[in-house]
Number of protein chains: 2
Amino acid sequence: MFRAEAHLDLAFQALADPSRRAMVDRLVQGPATVSELAKPLAMSLPGVMQHLAVLEASGLVVSEKIGRTRTCRIEPKVLTQAEHWIAERRALWERRLDRLGQFLDETKDD
Amino acid sequence: MFRAEAHLDLAFQALADPSRRAMVDRLVQGPATVSELAKPLAMSLPGVMQHLAVLEASGLVVSEKIGRTRTCRIEPKVLTQAEHWIAERRALWERRLDRLGQFLDETKDD
DNA sequence: ATATCACTTAACTAATCACTTAAGTATGGT
DNA sequence: ACCATACTTAAGTGATTAGTTAAGTGATAT
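Here we summarise the structure given alongside this text. (Residues numbered from 1 in each chain as written. Chains lettered and ligands numbered in written order. Predicted model: local features only at pLDDT ≥ 70, side-chain atom pairs only at ≥ 80, totals over all residues. Heavy atoms only, no water.)

### Quick word on the protein's contact with DNA strand C
Link 1 in the chain: In the vicinity of DNA strand C lie 21 residues, with Ser 35, Arg 68 and Arg 70 of chain A together with Ser 44 and Gln 50 of chain B positioned nearest.
Link 2 in the chain: Among all atoms of DNA strand C positioned within 4 Å of the protein, those belonging to sugar or phosphate total 69%.
Link 3 in the chain: Arg 70 of chain A is positioned such that a nitrogen or oxygen atom in its backbone is 2.8 Å from a phosphate oxygen of DNA strand C.
Link 4 in the chain: One of the side-chain nitrogen or oxygen atoms of Ser 44 of chain B is found 2.6 Å away from a phosphate oxygen of DNA strand C.
Link 5 in the chain: Of all elements in the fold, only helix 3 (34–38), helix 4 (45–58) and strand 3 (69–74) of chain A together with helix 2 (18–27) and helix 4 (45–58) of chain B reach the threshold of two or more residues within the surface near DNA strand C.
Link 6 in the chain: Per-element tally for the surface near DNA strand C: the top contributor is helix 4 of chain B, with 4 residues.
Link 7 in the chain: Counted by class, the surface near DNA strand C contains 6 nonpolar, 9 polar and 6 charged residues. (Near = heavy atom within 4 Å. Polar contact = N/O pair within 3.5 Å; in protein donor to acceptor, adjacent residues only side chain to side chain. Helix = DSSP H or I, 4+ residues; strand = E, 2+ residues; numbered from the N terminus. Nonpolar A, V, L, I, M, F, W, Y, C, P; charged D, E, K, R; others polar.)

### Points about the side chain of Asp 9 of chain B
Link 1 in the chain: As for its placement among the helices and strands, Asp 9 of chain B is situated in helix 1 (residues 6–15).
Link 2 in the chain: The buried category is assigned to Asp 9 of chain B, whose relative accessible area is 13%.
Link 3 in the chain: Filtering out sequence-adjacent residues up to four positions away, Asp 9 of chain B remains in contact with Ala 16, Pro 18 and Arg 21 of chain A together with Arg 3 of chain B. (Buried < 20%, exposed > 50% of the residue type's maximum accessible area, 1.4 Å probe, protein only. Contact = heavy atoms within 4.5 Å.)

### Thoughts on the pattern of salt bridges
Link 1 in the chain: Summed over all chains, the structure comprises 16 salt bridges over all chains.
Link 2 in the chain: Between Arg 89 of chain B and Asp 25 of chain A there is a salt bridge, with the nearest N and O atoms lying 2.7 Å from each other. One end of the pair, Arg 89 of chain B, is in helix 5 (residues 76–107); the other, Asp 25 of chain A, is in helix 2 (residues 18–27), on a second chain.
Link 3 in the chain: Since its relative accessible area comes to 26%, Asp 25 of chain A is described here as partly exposed.
Link 4 in the chain: Where salt bridges share partners, they join Arg 3, Glu 5 and Asp 9 of chain A together with Arg 21 of chain B into one cluster. (Salt bridge = Lys/Arg side-chain N within 4 Å of Asp/Glu carboxyl O.)

Below you can see the structure in the form of structure tokens.
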């Protein structure tokens with residue numbers, strides 16, 4: 001059984017970890033190798049590889065190995081989808097508040 | 001040691017679960033009791049309570065008990081913060097692409 | 001040829017997660 | 001007073017997570 005929103009599970013899960021957000025933060029500035037991503041991260045290289053695997057599984061990051069170095073970059077589509085999910089809910093919530101305010105205005109002089 | 005982004009860990013973590021997103025989805029339409037949130041969720045009530053606790057810990061939802069019913073509603077601030085985090089990164093990434101395109105345009109006629 | 005560099009795989013561990021069932025606490029209705 | 005309702009708490013379980021160390025693999029530099 002496949003759920004349409006399963007990719008959002010992976011995207012939000014990927015963004016829930018500060019090390020992975022730091023990697024995304026680095027990658028929005030441009031592509032980087034695994035070692036470059038690892039450098040600021042008080043963690044072993046295999047640890048970083050596992051975070052990278054989570055980011056790739058979510059579709060937030062893609063990578064390509066050339067020679068002995070793997071270069072990673074952002075894939076913005078999933079980032080946009082996650083942003084849209086939130087934006088839509090916030091819009092719904094605000095629309096409801098507007099209707100509520102309008103209703104209160106219309107009924108206040110009884 | 002406190003991290004400024006720790007609340008984003010909790011927010012994205014909370015949004016990473018489909019049951020919790022379903023609860024948020026319900027709550028953007030307006031407040032609901034715990035039982036109302038539980039109804040569509042193929043899960044025991046204590047299970048729902050635990051999801052609710054995660055949503056409250058993240059600040060996405062607040063609740064208040066009146067009599068024997070607890071009423072839950074969305075607190076949009078954290079939703080907005082999560083949306084902003086993504087939007088900023090996407091903006092950075094797009095800005096970099098623009099600079100790259102500009103650079104390529106400026107140097108293409110050598 | 002050999003040593004180094006940049007990952008990669010495997011295996012293990014402690015902690016957290018997403019549930020469950022069973023039992024308990026107020027509150028509201030008759 | 002009694003009973004149902006609406007949570008609430010506690011305790012347990014199996015799966016996943018976030019890290020580790022140790023031992024590879026293959027590419028580049030000397």
